[in-house]
Structures are given as C-alpha cells and as structure tokens.
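# Structural characterization, general
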Amino acid sequence: MSVSEILNGLIYGDLTRSIEVFCPEVLLCVTVIVLLLLRLFSLDHKIPPYVIALGGSVVAFVAVLLQFVFFTTGGAETNLGAGETLFSLFQLTEAGVGSPGELFTGLLMHDAFTLFFRLGLTFFLVLVVALTVLTGIPDNEDGPDFYTLLIGSTIGMMVATSANHLLMLFLGVEMMSVPSYVMVGFLKGRRSSSEAALKYVVYGAGTAGIMLYGLSLIAGLLGTAEFAELGPRLAYLIDGDGVTLSNPNIVVTLLGVMMVLVGLAFKLSLVPFHFWCPDAFEGAPAEIGGFLSVASKAAAFALLVRFLLAMTASGGGELESLNLYLGLALGVMAAVTMTFGNLAAYGQTNVKRLLAYSTIAHAGYMLMAVSAMLVITNAAESSGWSAAQVQDGAARCVEGLMYYLAVYLFMNLAAFAIVALIRNETFSEEIEDYNGLAHHSGTMTVLCVCMGVAMFSLLGMPPFGGFFAKLLIFASVWNAGSIHWLMWALVVIAGLNTIFSLFYYLRVLKAMFIAPRPEGVRSINMSGLVGAYVVVITLPILLMGASPLQNNLSATARYVASVLFP
Amino acid sequence: MEHISINETALLSIAIFLPTVGALALMFFDKAAIEGMRVTALVFTGLTFLATLAIWYQFDTSVAEMQMQTSYAWIPGWNINYQLGVDGISLPLVILTGLISMLAMMASWSITKYVRGYLMLFLILETGMMGVFLALDFFLFYVFWEVMLLPMYFLIGVWGGPRREYAAIKFFLYTLVGGVLMLIAMLMFYFGSAEATGGESVFNLLTLMEIAKEGGFSTTMQTTAFIMLFIGFAIKLPAFPFHTWLPDAHVEAPTPISMILAGVLLKMGGYGIIRIAMPLCPYGTQYAAYALVALGVFSIIYGAFAAMAQTDFKRLVAYSSVSHMGYVLIGLAVWKINESTGATMGNDYWAMGVNGAMFQMLAHGISSAGMFFMVGVIYDRVHHRDLNKFGGLMQIMPHYSALAVVIFFAGLGLPGLCGFIGEVMTVLATWNYSPLLAIIAAAGVILTAGYILWTIQRVYLGPEYKGPHPEALLPINGREATVAYVLAILAIVLGVYPEIMFGLMRESIANLTVNLAEGYEAARGLGEQVGVLINR
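What you see is a predicted model; the values in this text were computed from it and never measured.

## Some words on the overall build of chain A
Of the regular secondary structure elements, chain A holds 19 helices and two strands. Taking 2.2 N^0.38 as the reference for a compact globule, 566 residues should give roughly 24 Å; the C-alpha atoms of chain A span a radius of gyration of 23 Å, in line with that estimate. The principal-axis extents of the C-alpha atoms in chain A amount to approximately 80 × 55 × 50 Å. Looking at chain A as a whole, 63% of its 566 residues qualify as buried. Taking as baseline every contact in chain A between residues at least 6 positions apart, the subset at least 24 positions apart corresponds to 82%. Accessible surface for chain A amounts to roughly 19700 Å². Of this, 68% is attributable to carbon and sulfur atoms.

## Topic: a nonpolar patch on the surface
Residue and element names in this part refer to chain A. Taken together, the side chains of I33, L37, L40, F41, L43, I47, Y50, V51 and V133 present a nonpolar region at the surface, about 770 Å² in accessible area. Mapped onto the nonpolar patch, the elements with two or more residues apiece are helix 1 (3-40) and helix 2 (49-73). Residue position: I47 is located in the loop between helix 1 and helix 2. Judged by relative accessible area, which is 32%, I47 ranks as partly exposed.

## Some words on the nonpolar core
Ranked by size, the top nonpolar core spans 443 residues in total, and within it F138 and F172 of chain B carry the most contacts. Here the element with the most residues in this core is helix 14 (residues 387-426) of chain A; it accounts for 26 residues. Discounting chain neighbours no more than four positions away, the residues touching F138 of chain B are M182, M186, F189, F203, L205, L208, L229, I276 and L280 of chain B.

## Some remarks on the interface of chain B and chain A
Opposite the 34 residues of chain B that make contact, chain A presents 38 residues. Carbon and sulfur atoms supply 82% of the area buried between chain B and chain A, which totals about 3300 Å² over both sides. Linking chain B to chain A there are one salt bridge. Among the ionic pairs, E165 of chain B bridges to K510 of chain A, the shortest N-O distance being 3.5 Å. Here chain B is connected to chain A by six residue pairs in polar contact (both at pLDDT 80 or more). No other element matches helix 7 (residues 164-197) of chain B, which puts 15 residues into the side of chain B that touches chain A. Among the residues making up the side of chain B that touches chain A, the classes are represented as 28 nonpolar, two polar and four charged.

## A short note on the domain arrangement of chain A
Residues and elements named next belong to chain A. When its domains are assigned, chain A resolves into domain 1 (1-164), domain 2 (197-297) and domain 3 (326-566). One C-alpha centre belongs to domain 1, the other to domain 3, and the line joining them spans 28 Å. At the interface, 18 residues of domain 1 touch 21 residues of domain 3. At the boundary of domain 1 with domain 3, total buried surface from both sides reaches about 1600 Å², with 87% on carbon and sulfur atoms. By the criterion of area lost to domain 3, the three top residues of domain 1 are F113, F116 and L134, representing 34% of everything that side buries.

## Brief notes about the pairing of strand 2 (residues 80-86) of chain B
The buried fraction of strand 2 of chain B amounts to seven of the seven residues, a majority that puts the element mostly inside the structure. Residue alternation in strand 2 of chain B divides its side chains into two sets, I80, Y82, L84 and V86 of chain B and N81, Q83 and G85 of chain B, and both sets are buried.

## Observations concerning unusual backbone geometry
A cis amide bond, omega 5°, links I137 of chain A with the succeeding residue P138 of chain A. Position of P138 of chain A relative to the elements: it lies in the loop between helix 4 (112-135) and helix 5 (143-162). Cis rather than trans, the peptide bond between P462 of chain A and P463 of chain A has omega equal to 0°. Topologically, P463 of chain A is positioned in the loop between helix 15 (443-459) and helix 16 (465-480). The phi dihedral of T105 of chain A is positive, around 50°, even though this residue is not glycine. Structurally, T105 of chain A is set in the loop between strand 1 (101-103) and strand 2 (108-110). Despite not being glycine, H469 of chain B has its phi angle at roughly 50°, a positive value. Its location among the elements puts H469 of chain B in the loop between helix 18 (435-459) and helix 19 (478-496). The class for H469 of chain B is partly exposed, based on a relative accessible area of 37%.

## Things to note about helix 13 (residues 351-379) of chain A
All names here are of chain A. Counted at 1.5 Å a residue, the expected span for helix 13 with its 29 residues is 42 Å, and the 42 Å between its end C-alpha atoms agrees. Of all 29 residues in helix 13, 28 are buried; the element is thus mostly enclosed. Sitting at the amino-terminal end of helix 13 is N350, which places a side-chain oxygen 2.8 Å from the backbone nitrogen of K352.

## Topic: the side chain of K267 of chain B
All names here are of chain B. Along the chain, K267 falls in helix 11 (residues 255-280). No salt bridge is formed by the buried K267. Its closest oppositely charged neighbour is E423, at 12 Å. Reaching out from K267, the side chain makes a polar contact with the backbone oxygen of A262 at a distance of 2.6 Å. Non-local contacts of K267, meaning those with residues more than four positions away in its chain, are made with L93, L96, F133, A262, M325, M361, H364 and G365.

## Concerning the pattern of salt bridges
Summed over all chains, the structure comprises 24 salt bridges over all chains. As a salt-bridge pair, R353 of chain A and D279 of chain A come within 3.1 Å of each other at their nearest N and O atoms. On the criterion of sequence distance, the pair formed by R353 of chain A in helix 13 and D279 of chain A in helix 10 (residues 276-283) is long-range, its members being 74 residues apart. When the shortest N-O distance is used, the salt bridge between E252 of chain B and R163 of chain B registers 3.9 Å. Of the two residues, E252 of chain B sits in helix 10 (residues 245-252) while R163 of chain B sits in the loop between helix 6 (149-159) and helix 7, which places them 89 residues apart along the sequence. Through salt bridges with shared partners, one network takes in E195, K199, D279, E282 and R353 of chain A.

## So, the pairing of strand 1 (residues 67-75) of chain B
Residues and elements named next belong to chain B. For strand 1 and strand 2, the ladder comprises six bridges, and the chain directions are antiparallel. For Y72, the partnering residue across the bridge sits in strand 2 and is Y82. A loop of four residues connects strand 1 with strand 2, the two strands running antiparallel in sequence, and N79 in this loop sits at a positive phi of about 55°.

## With respect to the packing of helix 10 of chain B against helix 11 of chain B
Residue and element names in this part refer to chain B. Running from N to C, helix 10 and helix 11 point in directions that differ by 140°, and their axes come no closer than 8 Å. The angle between helix 10 and helix 11 falls in the class oblique. When helix 10 is examined against helix 11, the residues W245, L246, A249 and H250 are found in contact with a partner set consisting of S258, L261, A262 and L266. In terms of residue class, the contact of helix 10 with helix 11 is made up of six nonpolar, two polar and no charged.

## Let's talk about the confidence of the model for chain A
Of all residues in chain A, 97% attain a pLDDT of 70 or more, and the chain-wide mean is 88. Summarising per-element confidence for chain A, the mean pLDDT is lowest in helix 3 (residues 81-89) of chain A (68) and highest in helix 4 of chain A (93).

## Considerations on the environment of L166 of chain A
Residue and element names in this part refer to chain A. For L166, the position within the fold is in helix 6 (residues 166-184). In this structure the C-alpha to C-alpha distance between L166 and N552, which are 386 residues apart in sequence, comes to 34 Å. Contact partners of L166, with chain neighbours within four places excluded, come to L215, I218, A219, T224, A225, F227, L230 and F307.

About the thresholds
- Within each chain, residue numbers correspond to sequence positions counted from 1 in written order.
- Starting at A for chains and at 1 for ligands, labels are handed out in the order in which the entities are written.
- In keeping with the predicted nature of the model, local features appear solely for residues at pLDDT of at least 70, side-chain atom pairs appear and are counted solely at 80 or more, and the whole-chain, interface and lining totals rest on all residues.
- Hydrogens and waters are ignored; side-chain quantities use all the structure's heavy atoms.
- By the criteria applied, helices consist of DSSP H or I runs no shorter than four residues and strands consist of E runs no shorter than two, each listed in order from the N terminus.
- Atoms counted for the radius of gyration: C-alpha only. Globule rule: 2.2 Å times the number of residues to the power 0.38.
- Relative accessible area decides the class of each residue, using a 1.4 Å probe on protein chains only: under 20% of the type maximum gives buried, over 50% gives exposed, and in between gives partly exposed.
- It only takes one pair of heavy atoms within 4.5 Å for two residues to be counted as in contact.
- Residue burial considers only the protein chains on display, and all accessible areas are found by Shrake-Rupley using a 1.4 Å probe.
- What makes a patch is a set of residues exposed beyond 30% relative accessible area and free of salt bridges, joined within 9 Å when like-charged and within 5 Å when nonpolar (Val, Leu, Ile, Met, Phe, Trp, Tyr).
- Counted as salt bridges are all cases of a side-chain nitrogen of Lys or Arg within 4 Å of a carboxyl oxygen of Asp or Glu.
- Joining through side-chain atoms within 4.5 Å is the link that ties buried Ala, Val, Leu, Ile, Met, Phe, Trp, Tyr and Cys residues into a set, and such a set is a nonpolar core.
- A simple way to read buried area is as the amount of 1.4 Å-probe accessible surface that goes missing from two parts once joined, with both sides added.
- Polar contacts, as counted here, are pairs of nitrogen or oxygen atoms within 3.5 Å of one another; within protein the pair requires one atom able to donate a hydrogen and one able to accept it, and residues that are adjacent in sequence qualify only if both atoms are side-chain atoms.
- Only Asp, Glu, Lys and Arg are considered charged, only Ala, Val, Leu, Ile, Met, Phe, Trp, Tyr, Cys and Pro nonpolar, and every remaining residue, Gly among them, polar.
- Note that the domain bounds were set by an automatic or database domain assignment.
- The span one expects for a helix is its residue count, reduced by one, times 1.5 Å.
- All tallies of charge rest on Lys and Arg as positive and Asp and Glu as negative; His and the ends of each chain are not included.
- By definition, two strands form a pair when at least two bridges between them are found by DSSP.
- Angles here are taken between N-to-C directions and fall from 0 to 180 degrees, while the axes themselves are lines fitted to C-alpha atoms, restricted in helices to the stretch in contact.
- The scheme is simple: roughly parallel for angles under 35 degrees, roughly antiparallel for over 145, roughly perpendicular for 65 to 115, oblique for anything else.
- Confidence scores labelled pLDDT are given residue by residue by the predictor and lie between 0 and 100.

This is the structure we're talking about:
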C-alpha cells in the first residue's frame, strides 16, 4: 500500500463523515479564532467579546442538539417542519451523524453516549457564558482571553467524552486542564488566585505525568491504544496464565490502570487526589468554580466509564475476579471520598470552599454508580444473573450517573452563580456575611430562595432533582448488593453521608433565612435580569424532581446508557 | 349504594394540590396587602377542607379496599406511578388534616413577621401532609413525606421562639435519619418484589402488600425492614427513645405550627406504621409485637412523668403528646398468636386495639391541637409560659377558661370526651394480649389525670394572676373563640358518638388484621420449610 493510497483512504474514507459529526467542535474553534482576530483588528471595543462567545456557543449547542435529535429519531422520520431545514443546514446525513461508529480512523467515537455528554457540555457552556455576562467577570479588556480559555477547555472536554483511543484520552484531559489552570488564576491581582492556580498546575502536571506513564504501560503491553482492542488483547495475553500477582503481565496491567485512574481521579477530585480542589475553588472566581465543578467532572466521568469498560471488556473468564475487585476498590474510594468531603465541609466559613468540599462528596456519590457498574458487568453472571439482567442492571447504573450529572449541572451552577452574584453586591463570600440576606426585598429574596432550592437539592431532598438522581444511584448500587455485600454497605454509608451533609448545607441557609439582618447594612438593588437568570437555571432542578419531564430524562438516559452494553 | 361521582378521580389530587395553588396565588399580592394574603390563605385551606369533606361524602363505608383510586404512570422505567387512593384508615386522617390546617390558619393571625413567606410555606406543608395520607406508591409517599420537612424547618426556624435554630435543625436531623432508613427499606422492597411479580420491581404499595400477604418477602428481610421502617416512623410518632426532638420543636414553634405538629404530623408516624410497616412486614410486626407494646406502655408512663415535671406550659403539653401517642403504639401491636401454630388468637380484640389506636390519633389530633392553641392564646397576651406564674385566669377570662378546661379534660380522657374512647379501647385490647402491660398502661391514666388537673389548678384556678403583664389579659376575640369552639365541640361529639369515625374505619381495619394474620402465617410457613430443608 503506497502512501498516496493511505492518504486517499483517509480523505475519502471517513473524513467527510468525521467532519460532519465534529462540526460543533469546529464551530467552537472558529469562535475562538474570531475572538482572537477581533483583538488583532481592534474590533473588541466595538463588538463586546461576550457577544461573539455567546453566539458561538449557542450555535454549537444548536448543532449538537440537532445531531442528538437526528440521531435519536433517525432523522428523516421526524415531523418537525423546521427541523428538516435545520438538519439540511448542518448537512446531517443518515450515514454520517445518523449512524454510530468510529471517527477519524478510530480516534474518536460517535454514539448516543458521547452525544449526550457533548449536548450537556455545550448547553452548560451557554449558561456559563450568560452568567459571566451578568457578573461582569471578565471585563471587556480580558474578554477575548477569557472566552478563548473557556471555549478551548470545553472543546477539550468534548474531545475527552468522545475519546476512543488512549492518545485521545490523554489529549482530552490535557486540553481541558491546561486552560482551566489559567482560568483559576484569572484574577491576576489577587494573591490567593495566583496561589490557587499554582497549586492546581503543579498537582495537575504531576498527575498528568503519572497518567501518561500508565497509558504507555498499557499501550506497550497490549500493543494497541484503541479502546475497542484493549479488552480482547488483555484476555488473549492473560489466557491461561492465571490472574495472580506473580504474573508480570497482570502486574503491569494493574499498574497501568491504576496510574490512569490517578489522572482521572485528579480531575474528579477523589480522595486522596483532592487537595487542589478547595484551594483552587476558593481562589478562583465563583463562575470558574461552577464551570470546573460541573463540566470537567462530567467529562472525566464519561472518560472513566469508557476507559473502564474498554479495559474490562474481556468477555468473562479469569479476569472477571480482577475486574470485580477493581469495582469494589472504586466503591471503597467512593465511600472514603464522600465521607471525607462531607466531614471536611463542616469547618468551612467560606461558601466557595464549602461548595468545593461538597463537590468532592458528590464525586463520591457518582463514583458509586461506576463501581456498581463494574461489579455488575463482571460478576453478575457467575452469581446467577441472566444476560438481560446484567445489561439492564449496568445500564441503570450509568443512567443514574447521567441523571445525577444532569441535575448536578443545574444545582451546582445555581449555587455558584448565586455566590458570584451576591459577591458582586456584598463583596464577600463568607457565610457570616450572608446573614439575613433573604430579608432584603426583591431580587435578593429570589436569589436566596433559589439558593435554598439548590442546597436542598444538593442535600438530596424531594421534590428536587437531587433526590431523584440520588435515588437512582442508590437503587442501582443496592441492586448490585446481591452480588457483593459491599455494595449494600456502600448504600448505607451513602445514606449516612446524606445525614452528615445536612449540617453544612443548612448552615448557609440558616445564615440567609434565620439569622437576623445586621444593623446598618445598605439595601441591595439588583437587576431583574439577574433574578430571571437564576430562576431559569433553578427551575429545572424542580422539574427534574417532580414533573413528568423526569420520565423523559430518565428514559433518555436509560437509552443512552444501554448503548454501552450491547 | 350509588354515589354521585363529581370528579371522583380528581378529588384526591385537588385535596393535595389546592394548597399549592394557593401558595402560588399569594405571590401575586402586593407586599402591603397582608390582610388580603391571610384571608386568601384561609380561603384555600377552607376549600381544601371542603374537598376532604367531599371525599367523605363520596366514600363508601361498606368497602374495605381502596377507593377513588387514581393511577398515572409517572416514571415507567422505574415503575413509579402517581397513585392515590383512600380507605377507612386514611380518610379520617385526611379530614383531620383539612380541619386542623384550617383552624391553624385561623390561629395564624398572630404571625406578623414575613407574612407572605409564612403563609406560602404553611400551604406547601399542607400539600405534603395531604399527599402522605393519600399516596399509594411508596416513592410518592416518600416524596410527600420529605416535602413536608422543608417548610417545617423554616416555619420553626424563622418564626419560632428564642431557641428556634436548635429546635429546627434537631427536628430536621431526626426526620432525615428516619427518612434515610425508610429509603433503604424502600429499596429492599423494590428489589425484593421482583421475584414475586416475575421480574418487575414495583413501588406500588398495594402490590407490595399483596406480595407480603402471600409470604413473598423472606422472614429475615421482613424483620430487618420492619425495624428500619419502625424507627423511621417512631421518630415521627414519637415513641421513647426517639422523642427528644419533640419537646424542643413544639416549644419553639409558633402556636399554629405547634397545632399542626401535634395535630397532624405526629399522626404520620402512626399512619406510616399502619399503612406501610405493618402490611409490608407482617412477620416483622409479629416478631416485634411485644417490644412495641412494651415500648408503648413505657412511653405512656415516661411521657406522663416527664409532663408532670415541667414548668413550661408548652413543654408540658408536648410531653403529654409522647404519653398519648403511646396508646397508639400499644393499640396497633396487641397481636396475639398461638406460638406453636402461628394462628392469630382473638383477632377481634386486636382489631379493637387498632380501631382504638386510630381513634386515639384523631382524638389526640383534636385535643392536643386544642391544648397548644389554648396555650398560644395566653402566650400571645402575657408572653410567658411559666406554669408557676399563672393562676386565677378563670376569673379574668372566664369564657376562654371554660373552653380550655373542656379541651384539657378531653386530653385527660374524661368519659364523654374524645380522649376516653381511644384510651379505653386500646387498654381493653391490651388486656387480651398481656394483663400486666394493660395494668401499667391503665395506671398511666391516673398520671395523666394528675398532671392535667394540676395544670388546671395552677393556671386557671387560684385566687389571682400574679405574673407579668396582667393588663394584657383581655377576653378572647371572635376568631380565637371560633377555633376553640370547633375543637371543644368536636371533642364532645366524638366522645359521645364515636361511631362517626368508627363507621369509617371498621371495615378497612378488619381487612387489615385479617391480611396481616394471613401474611404472617404464609411467611412463617415458608420460613419453616426452609428450616426443615436446612435441617435435612
């Protein structure tokens, strides 16, 4: 095969299809370039950068949304009048977006799971950009830089969620991390901000190095970096040698997987790789905290699920027990993470720091689902489950994870957005300065009520989405308990953690609602637009917990999750 | 008997969500229109009460099963339904909720701080309470159960007394612990039901009861789940040793909220036991029956002694609740079986005990809410509750004092008033179960008489009032008198003619006891088979 044949194969093989699917990312790249060119030609004083950023992210979101609708409904059969014109605008085709499969000669994956996450990420980007417009961080001068970083990081996350190759895994993680280091230190004048960025970057660089080492071990041992090949090759390699620590192949595999997990655990801020998280969140502007806590976690979870499924796709046999223990180990890690996060949040006086520990705890809750998924897929058959039950049980785990992430997007964003908006008025992020805020009139009361909704949802109280999401995860983990008792224990620990977490969430609300308003504070007038934005992002929390829409999201998540378990 | 079916299916949903509609309507009022908001809220609670009466009107007392059932698929992927229904056990409590909420709203004129927020939370609370009594889906039940917690936290925390923060968080913590236990039990039943239904896990309480009746849940699971559910509900009931939140919450809560707490919220504990814990775990119930009766008896005595030791008027009433709810527990649990065969002995006595327990809940709902209201009336005037500084109110406020004495006597359990019926029936049923425990429980009546008579003596009798603010002791106004009259008259009516309520519940309760007995024998039979197999 000559070079030109290979090139032709590349170009005529799947390039058109790949570009068609990759279109939203390309649109985001174009937005970034426009933002940079804007400054080059000094147009940034005439057109505010946020207009470009908002426009670009909305277009990208619409592009992904259309892909998602096209993919789930099969395109042509939709009876949306306007839909078809839009489909043709983005040139969506049955062979391209309509059919799942690999892109760019196997580097990326296109399926319902990826689409779901890309949809969530672009939607979240739109919301964050809208928030920055309202809070005024960044100012016009820094706008192009800031939005470049924000959008660039989002592109990285989208790549990470579609990764189908160890190389793309690493690239995705780095593409989302590097801009976020800069964003954390974006308030250049503040010492704490720079300190946070430095801590974050040192930690990030360290774990990235370890992850890369792990990736090279895996790739070197198995002779491939494609996800689809990892499991079968591993099974072939181990075949008959016995899964013991005296088998060097097993040792290297374990080492590699653990090292990759270190990198992902850093992104997920799992204990003991969480140390950067409170500092980074406290130092960074709350808007960035909100962005990092949701978006990078969602992307990292998508990556984690894909990577673990690829590594454990051995199709039964000796490796099952090893994979089961991997699942149980993740369960233990989840238990430690949530317990630590919840207990450490107690002593906090700064709201952002408190929320940082809360995100650590939530990562623990979500990790439970991943751990249960591994337990079900790897031990269920030996404990008497039928293949259909395994498929259903595992899909429910991932459904729970995705539902949780969907609710988490809104509740965490709402919490961080309200912190940012209150900071703009009171110049403080300390809990004690929130005293009596709810008794100011107008928009501030709306903000406080929405904060209440977000906090109760984070706590996991009905009728808010946080409860239903938690229930889905608890239920799917409980289901795995009939395979290994540790899963039952995990649910009990998670239940206890819910009780632990009561105190610190209520502390914020207590300050807002119960504590008296201090003497002599000036009255606060906020624009109605702020209130409207906060209500718009809070309303879905309620809709995902007590409305018929809940069913639609849950069913969609189930459908998307079932793609992973054919 | 043919009933007129006006919106029969929608009626239950109306009773649940009408208050929420009211809460939303309040958002459109001008900030200054406080009186308008109060009246609107009162109208909505009144309409809700009417809706509950309409349910009563359409209710067929000869049917033991669930009536007016509504079921919509809510989240089919998890078999969660929006499923409602009413039977003889829930109907009296639904009516009680409607009534007490309306009366408590009438008592809410004393709230002057952040009125809109108060009224909205109050109405949302009513939605939660109605939902708990009408839900027939475990998931839905759980949602309503917790929904009621959020407004309660703020109602105590924002509008309460000096130690309100502490009381509110303690209430929240206790209920949340119970909630988490219930959640785990719920998951156990959800996944446990798959085998019996052929692969479909369900939250539907009726289906779960049916499975339990056929012995579909293993004995170990039933005992574990029963203990978890019982703790969850006993916290609400409250039974010793889970009662410590109650005195704090009652004392710190504003008067109308104390009325709701005592009148309705405590009933949820009893209702949860009778609707969920018992029918889902017949074996577990029987397993724990003696412990429950003993716990109930202990609560009666303990609560009475604790009440006697109080100097705070509200705290005294709060401990009297602990004592009174003990009768509920013993009435429910006096289930005697033949140890060797597993057959239920004296099913009629047991049914009488359950009837008595249900009636005791209603009677306590009226007398206790009344007592809290009566305390609130004088607290609004003199701003203290120290029993030792009262006295002579009979001469200053004769109208009020007469009503108060009637209500306190209802709480005492004087024959002819509502408190008597429930106490006597539960104690009689206990005699069949264990004469010793019956004697102790009956002795509790003397203690109750002791602290209530002593209270009446210290507050209403005596030569003159020597406490602070004697000038504020004005006669009660029309609004307060209305609330008091309604409660006092109901206390007399239910005491003289309890059949109004017994007629509603009898069939359903008979059905419940029979099903439980069957479920116990089935579970035990299966357990023995397994035992025999293992022994082989």
